[in-house]
Amino acid sequence: MVMFKVSRVQTTPIDGQKPGTSGLRKKVEVFKQPNYSQNFVQSTFNALSADKVRGATLVVSGDGRYFSKDAIQMIIKMAAANGVRRVWVGQNGLLSTPAVSAVVRERIGSDGSKASGAFILTASHNPGGPHEDFGIKYNMENGGPAPEAITDKIYENTKTIKEYLIAEDLPDVDISAIGMTSFAGPEGQFDIDVFDSASDYVKLMKSIFDFQSIQKLLSSPKFTFCFDALHGVAGAYAKRIFVDELGAEEISLLNCVPKEDFGGGHPDPNLTYAKELVACMGLGKSNSQDEPPEFGAAADGDADRNMILGKRFFVTPSDSVAIIAANAVQSIPYFSAGLKGVARSMPTSAALDVVAEHLNLKFFEVPTGWKFFGNLMDAGLCSICGEESFGTGSDHIREKDGIWAVLAWLSILAYKNKENLSGEKLVTVEDIVRQHWATYGRHYYTRYDYENVDAGAAKELMAYLVKLQSSLSEVNKIIKEIRSDVSNVVNADEFEYKDPVDGSISKHQGIRYLFEDGSRLVFRLSGTGSEGATIRLYIEQYEKDPLKIGRDSQEALSPLVEVALKLSKMQEFTGRTAPTVIT
């Protein structure tokens, strides 16, 4: 057995290592700077209690983006030096973020070991490559992202770090081959277990959904299907689940080979970046002669986000979570005993609120960040949750889950069509959505993203919006001058959340303008980009009149859009005449 020594390497603090809700994200060049990654990893080890490090089992894997393989070897060497007993690595370093959560929660090693946490190497839906983004985030023993108390501690440690521990003489491990490699160190044996990336996750999905009923749907000649992994890590699961388990044809899978640079694309499953899928589903600019499939879906780089499409039809993420919640008990065996409650992030439309009210379910509105849902789930208060940024999930794990959402939709389609598979026409995605609107009303909804805005200008704009809130009569006067057909603002605030589980308070979570007719404007600064600031503007109009629920979304929202842009002085502050992305 190869012996290794522990080196203590002197270092000095490096500025700007504050992790956001999804860990630390920067350009690859930044992570490659001397000691940059090592400082952050050691600061993370130092923020954890000793029992979560010494003698512990940790998962180290990610979405396979550029620099992941180097980072995995470095973290293995640092884990060994810090007294970790064993490291679990998905084959080729690949594990989707939801699969990491599942592995931490469910997997039992051959020696009976359980993981106490995970380093996930991902920058989620951001591009990958030598000049693109990389990220490191730490997840806890519940499989969910580190809470603020830990991320704050990590950040404090990065400001005072003097040394890091590393086993420099530990040879690199072949992470392409499944199997166990053992080494001996000052504190005894250290194991690296490279395991199949998909098995634990596939097993979990089979325990949640009725694979047989989905299989029947997929085998119907009238049902066609398309899944796009955008060359992200979802590709490591797509063939196993959709083809091997559910019997879909391999031709149904697009871009399902994981690539370090995501094939040069932007692995963000929305109408702007999932171009190939959008065109395939008949939603592209040019109308192809081919008849689009009945159902299409995409996942992002680390497979925690999803986009759901019907034939020539886009399902908004806010509608998607509401529709899954409304149909879960009948369609998904895991929920057959009923839902504990539902939750959404504050910027997500209120479609889920209406379902919760109708079904008499507990309902929670939380800040953006999956850890808030995790607290509710750990306390048994929430079964299904979602956010407008294409994240949907349930209490089966503590991360959002792209493939879970696709299987949830396939389950609903299978349930609605179970008596109908040999009939004239299947119930479609569009039918399900329109039926939902007829029952619950429609929330017209759009999001404008202004990416890489000057951070100073973004802060000034937000400060201006807060100042405006001190006089609603002034706000309403400005609005009426812009559009007389828009209703009055009855409430305006900065969203603040008191966690019902641990009592923690999260302030400054977004600026809200709430209108008399149930419409909303929300402005947020987002922390998921790696440079500059991203301003997100959310615009929502609620419509209960059955005669008005079929309008074009942008047309229905145009009065509110005009109000939002002029009220906020978006162009004056940012210099932008148009958003980077409209969803």
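Residues numbered from 1 in each chain as written. Predicted model: local features only at pLDDT ≥ 70, side-chain atom pairs only at ≥ 80, totals over all residues. Heavy atoms only, no water.

Concerning the environment of glutamine 42
Here glutamine 42 lies in helix H2 (residues 36-47). Judged by its relative accessible area of 3%, glutamine 42 falls in the buried class. Glutamine 42 sits 124 residues away from isoleucine 166 along the chain, and the two C-alpha atoms are 9.2 Å apart. (Helix = DSSP H or I, 4+ residues; strand = E, 2+ residues; numbered from the N terminus. Buried < 20%, exposed > 50% of the residue type's maximum accessible area, 1.4 Å probe, protein only.)

So, the pairing of strand S20 (residues 442-453)
Successive residues of a regular strand alternate their side chains across the two faces of the sheet. Counted residue by residue, S20 has ten buried out of twelve residues, so it is predominantly covered. Strand direction decides the pairing type here: S20 and strand S27 (residues 581-582), joined by two bridges, are antiparallel. Pairing of tyrosine 448 across the sheet is with isoleucine 582, part of S27. (Pairing = 2+ DSSP bridges.)

Considerations on the UniProt feature "domain: Alpha-D-phosphohexomutase alpha/beta/alpha" (unreviewed entry) in the chain
As recorded in UniProt, the feature "domain: Alpha-D-phosphohexomutase alpha/beta/alpha" (unreviewed entry) lies at residues 17-164, 200-309 and 318-418. Helix makes up 34% of residues 17-164 and strand 20%. Its end C-alpha atoms lie 15 Å apart. (UniProt positions renumbered as here; feature names shortened; annotations may be inferred.)

Quick notes on the domain arrangement of the chain
One can read the domain layout of the chain as domain 1 (7-196), domain 2 (200-440) and domain 3 (442-582). If you average the C-alpha positions of domain 1 and of domain 2, the two centres end up 30 Å apart. The interface is formed by 38 residues belonging to domain 1 together with 34 residues belonging to domain 2. Here domain 1 meets domain 2 over a buried area of about 2600 Å², counting both sides, of which 55% is carbon and sulfur. (Domains from an automatic or database assignment. Contact = heavy atoms within 4.5 Å. Buried area = accessible area lost by both parts, 1.4 Å probe.)

Here's the deal with the pattern of salt bridges
Using the criterion set out here, one finds 40 salt bridges in the structure. Among the salt bridges present, the one from aspartate 169 reaches lysine 5, with a minimum N-O distance of 3.7 Å. In this pair, aspartate 169 is assigned in the loop between strand S8 (163-166) and strand S9 (179-185) and lysine 5 in the loop between strand S1 (2-3) and strand S2 (7-10), connecting sequence segments 164 residues apart. On the basis of relative accessibility, which here comes to 35%, the residue aspartate 169 falls in the partly exposed class. Using a relative accessible area of 59% as the deciding quantity, one classes lysine 5 as exposed. With a shortest N-O distance of 3.0 Å, arginine 86 and aspartate 111 are connected by a salt bridge. In this pair, arginine 86 sits in strand S5 (residues 86-90) while aspartate 111 sits in the loop between helix H4 (97-106) and strand S6 (117-121), placing the two residues 25 residues apart along the sequence. Salt bridges sharing common partners tie together Arg344, Asp353, Glu365, Asp493, Arg512, Arg520 and Glu540. (Salt bridge = Lys/Arg side-chain N within 4 Å of Asp/Glu carboxyl O.)

Describing the layout of surface pockets
A volume near 830 Å³ is recorded for the second largest pocket. Leu271, Leu283, Phe314, Gln554 and Thr583 are, among the 32 residues lining the second largest pocket, the residues nearest its centre. Among the elements of the structure, helix H9 (275-280), strand S15 (313-315), helix H10 (317-331), helix H14 (429-440), S20, helix H17 (553-567) and S27 are those that each provide at least two residues to the lining of the second largest pocket. It is S20 that contributes the most residues to the lining of the second largest pocket, six residues altogether. (1 Å grid on protein atoms, 1.4 Å probe; cavity = no way out; pocket = protein on both sides within 12 Å on 5 of 7 lines; lining within 4 Å. Points joined across faces, edges and corners; volume = space filled by probe spheres on them.)

A short note on the packing of helix H16 (residues 472-482) against H17
Taken N-terminus to C-terminus, the directions of H16 and H17 make an angle of 125°; their axes are 10 Å apart at the nearest point. Judged on the interaxial angle alone, H17 and H16 are oblique. As for the relative orientation of H16 and H17, their crossing is right-handed in sense. Contact residues: H16 offers Val475, Ile478, Ile479 and Ile482, while H17 offers Glu562, Val563, Lys566 and Leu567. Residue classes in the contact of H16 with H17 are distributed as six nonpolar, no polar and two charged. (Axes fitted to C-alpha atoms, helices over the stretch in contact; angles between N-to-C directions. Parallel < 35°, antiparallel > 145°, perpendicular 65-115°, else oblique. Left-handed = near helix turned anticlockwise from the far one by under 90°. Nonpolar A, V, L, I, M, F, W, Y, C, P; charged D, E, K, R; others polar.)

A short note on the sheet that holds strand S11 (residues 225-228)
Hydrogen bonds between backbone atoms are what pair the strands of a sheet, whose relative direction is either parallel or antiparallel. Taking strand neighbours across the sheet as the criterion, the five strands line up as S12-S11-S13-S14-S15 in an open arrangement whose pairing is mixed. The open sheet is flanked by strand S12 (253-254) and S15, the only strands paired with a single partner. Here two bridges tie S11 to S12, and the two strands are oriented parallel to one another. Paired with aspartate 228 across the bridge in S12 is leucine 254.

Some details on the nonpolar core
With 84 residues, the main nonpolar core has Phe227, Ile241, Phe242, Phe295, Leu407 and Leu410 as its most contacted residues. Two domains each provide a minimum of three residues to this core, namely domain 1 (7-196) and domain 2 (200-440). If near-sequence neighbours (up to four positions away) are discounted, isoleucine 241 is found in contact with Tyr201, Val202, Met205, Phe211, Leu246, Ile403 and Leu407. Of all hydrophobic cores here, the second largest spans 45 residues; its members include Ala47, Val87, Tyr164 and Ile166. (Core = buried A, V, L, I, M, F, W, Y, C linked by side-chain atoms within 4.5 Å.)

With respect to unusual backbone geometry
Residues other than glycine seldom take positive phi values, yet serine 124 does so here, at roughly 55°. Here the phi dihedral of asparagine 452 falls at roughly 50°; this positive angle occurs in a residue that is not glycine. Secondary-structure assignment places asparagine 452 in strand S20.

Considering the side chain of aspartate 191
For aspartate 191, the location among the structural elements is in strand S10 (residues 188-195). In this structure aspartate 191 comes out as buried when scored by relative accessible area, which is 5%. Within the structure, aspartate 191 has its side chain in polar contact with the side chain of arginine 85 (distance 2.9 Å). Separated by 2.8 Å, the side chains of aspartate 191 and glutamine 189 make a polar contact. Apart from residues lying up to four places away in sequence, aspartate 191 is in contact with Arg85, Arg86, Val87, Met180, Thr181 and Ser182. (Polar contact = N/O pair within 3.5 Å; in protein donor to acceptor, adjacent residues only side chain to side chain.)

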